[in-house]
Amino acid sequence: GAQSPGGGGAVIAESKLLVRCHQQSPVPSHSLLVPIQVGAALAETRFPGFLQDDTGDNISAKNRSYCELTAQYWAWKNADADYYGFFHYRRYLSFAREPLPADAFGEAHLPCNDEAALQKCGIDGETMAKTIAQYDLIVPQEGGFPERSLNLYRQYCIAPVHHKSDLDFVLGVI
């Protein structure tokens, strides 16, 4: 399981999903979910019971530029896991066999992140293990954008603060 940083940073010895939080948020108590505070180096308070992204080798102080990616960097440099997974404190990937009812953007809205919601999303050891064993990379399905020509790639590229070359580089690495 997850350990609090002692002498050399935290280690995640089994497969876990890091739930990235920039504000103190409820994270369901679940063996697969590990809450991590992002931007901890810039925060006035530390969230009790959370890992922090400012331990070990980290870029926590750059959170204003990289947002939740500081947790991904932290995991890359400090976590030992069979697989790495990342959820946002209020957005979870569904592993459910059947699609959940979704809005025009492909998002399923559940009233809260609790055990019932996790069950609806297929977030349990058996369901996830079967899915994870089949793939090298798991990403959300492309949502339904109201305008057919506006997919996620195009939306990123036309945003005024994003650089198409950055996304093209990432896609080349993947």
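Conventions adopted
Residues numbered from 1 in each chain as written. Predicted model: local features only at pLDDT ≥ 70, side-chain atom pairs only at ≥ 80, totals over all residues. Heavy atoms only, no water. Helix = DSSP H or I, 4+ residues; strand = E, 2+ residues; numbered from the N terminus. Buried < 20%, exposed > 50% of the residue type's maximum accessible area, 1.4 Å probe, protein only. Contact = heavy atoms within 4.5 Å. Pairing = 2+ DSSP bridges. Salt bridge = Lys/Arg side-chain N within 4 Å of Asp/Glu carboxyl O. Arc of directions from axis to C-beta.

Draft legend 1. Structural context of the overall build of the chain. A tally of helices and strands in the chain yields six helices and four strands. Reading the chain from its N end, one meets helices and strands in the order β-β-β-α-α-β-α-α-α-α. Per-residue burial over the chain gives 33% buried out of 174 residues. For the chain, long-range pairs separated by at least 24 residues make up 46% of all intrachain contacts whose partners lie at least 6 apart in sequence.

Draft legend 2. Representation of the pairing of strand β1 (residues 16-21) in the model. The element β1 is extensively covered by neighbouring structure, given that six of its six residues are classed as buried. Here β1 shows no split at all, with Lys-16, Leu-18 and Arg-20 on one side and Leu-17, Val-19 and Cys-21 on the other all buried. Summarising the sheet, β1 and strand β4 (residues 84-88) pair through five bridges and their orientation is parallel. Bridged to Lys-16 within β4 is Tyr-84. In terms of strand pairing, β1 meets strand β2 (residues 33-37) through five bridges, oriented parallel. Looking at the pairing, Arg-20 lines up with Ile-36 of β2.

Draft legend 3. Seen up close, the pattern of salt bridges. Applying the stated criterion to the full structure yields three salt bridges. For Lys-164, the salt bridge is made with Asp-168, and the minimal N-O distance between the two is 2.7 Å. With Lys-164 and Asp-168 both in helix α6 (residues 164-173) and four residues apart, the pair spans about one turn of that helix.

Draft legend 4. Inspection of helix α2 (residues 69-78) at higher detail. Buried within α2 we find Thr-70, Ala-71, Trp-74, Ala-75 and Asn-78. What you see down the axis of α2 is that its buried residues fit within an arc of 140°, all on one side. Considering only its buried residues, α2 is in contact with β1, β2, β3 (51-52), α1 (63-66) and β4.

By themselves, these figures tell us nothing about what the structure is for.
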